[in-house]
Amino acid sequence: MRLVPWQPDDLVRRLDDVVTVYGEAMGYRAELLEARRGYIATHVRRRGFRAVATLTNDGRLAGFGYGYHSYSGQWWHDQVYAALTDDGRKTWFTDCFEVVELHVRPAAQGHGIGARQLTALLGMAQGSTTLLSTPEADEQKSRAWRLYRRFGFADVLRGFHFPGDERSFAVLGRELPLAPPTPD
């Protein structure tokens, strides 16, 4: 497998694969995935867009991640911003790189792909902080949660509900630049 940086056109060209990996990793229904397809395609035009992909030796997409600088007027930014205190807004949103998506096909999980993708993505990120959201889960059993904790992500919001998703999410953040993760 090889990790590669992606330009916006690379992500758009592989949008079907991206949506498939996203759906497998998140367990979303097909009708929700079609709506997400449109959002993802527009994200590539956001300021500060950065993306990475992990490709198998035969070119299949095993995982991907992307993000951009977080600004007022962006849906996720505005949802989280409204839920924070004034101090939280100042701390987290003054110069924030938003990790929008970071996914690995379930069959490829457990081999360090997510860690390599997150390291590469945050290494390219511009900003003094980074935020992401992840479904609430048992932190000891969830690979995603263990990954984020190893990378020093701290709780910003817990039990948060985004409109249109019945699940509860956590918003996690950390300062940038990225230091190497702590071992398991």
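All values derive from a computational prediction rather than experimental measurement. (Residues numbered from 1 in each chain as written. Predicted model: local features only at pLDDT ≥ 70, side-chain atom pairs only at ≥ 80, totals over all residues. Heavy atoms only, no water.)

Can you help me understand the nonpolar core in this one?
If you look at soluble globular proteins, the nonpolar side chains tend to sit buried side by side. Judged by nonpolar contacts, the single largest core of 36 residues is most densely connected at Trp6, Leu11 and Tyr66. Among the elements that line this core, the one with the most residues is helix H2 (residues 15-26), at 6 residues. Grouped together as the second largest cluster of nonpolar side chains are 18 residues, Leu102, Leu118, Leu132 and Trp145 included. (Core = buried A, V, L, I, M, F, W, Y, C linked by side-chain atoms within 4.5 Å. Buried < 20%, exposed > 50% of the residue type's maximum accessible area, 1.4 Å probe, protein only. Helix = DSSP H or I, 4+ residues; strand = E, 2+ residues; numbered from the N terminus.)

What should I look at first to understand the packing of aromatic side chains in this one?
To describe a pair of aromatic rings, one takes the distance between the centres and the angle between the planes. Summed over the entire model, instances satisfying the criterion amount to 9 aromatic pairs. Considering the side-chain rings of tryptophan 75 and phenylalanine 162, the 5.7 Å spacing of their centres and the 35 degrees angle between planes classify their relative orientation as tilted. One end of the pair, tryptophan 75, is in helix H4 (residues 75-83); the other, phenylalanine 162, is in the loop between strand E6 (154-160) and strand E7 (169-175), with 87 residues separating them in the sequence. The exposure class assigned to tryptophan 75 is partly exposed, which follows from its relative accessible area of 45%. For the ring pair tyrosine 148 and phenylalanine 153, a centre distance of 5.8 Å and an interplane angle of 65 degrees mean the geometry is edge-to-face. (Phe/Tyr/Trp six-rings, centres within 6.5 Å; stacked < 30°, edge-to-face > 60°.)

Without other data, these values stay purely geometric and don't point to any function.
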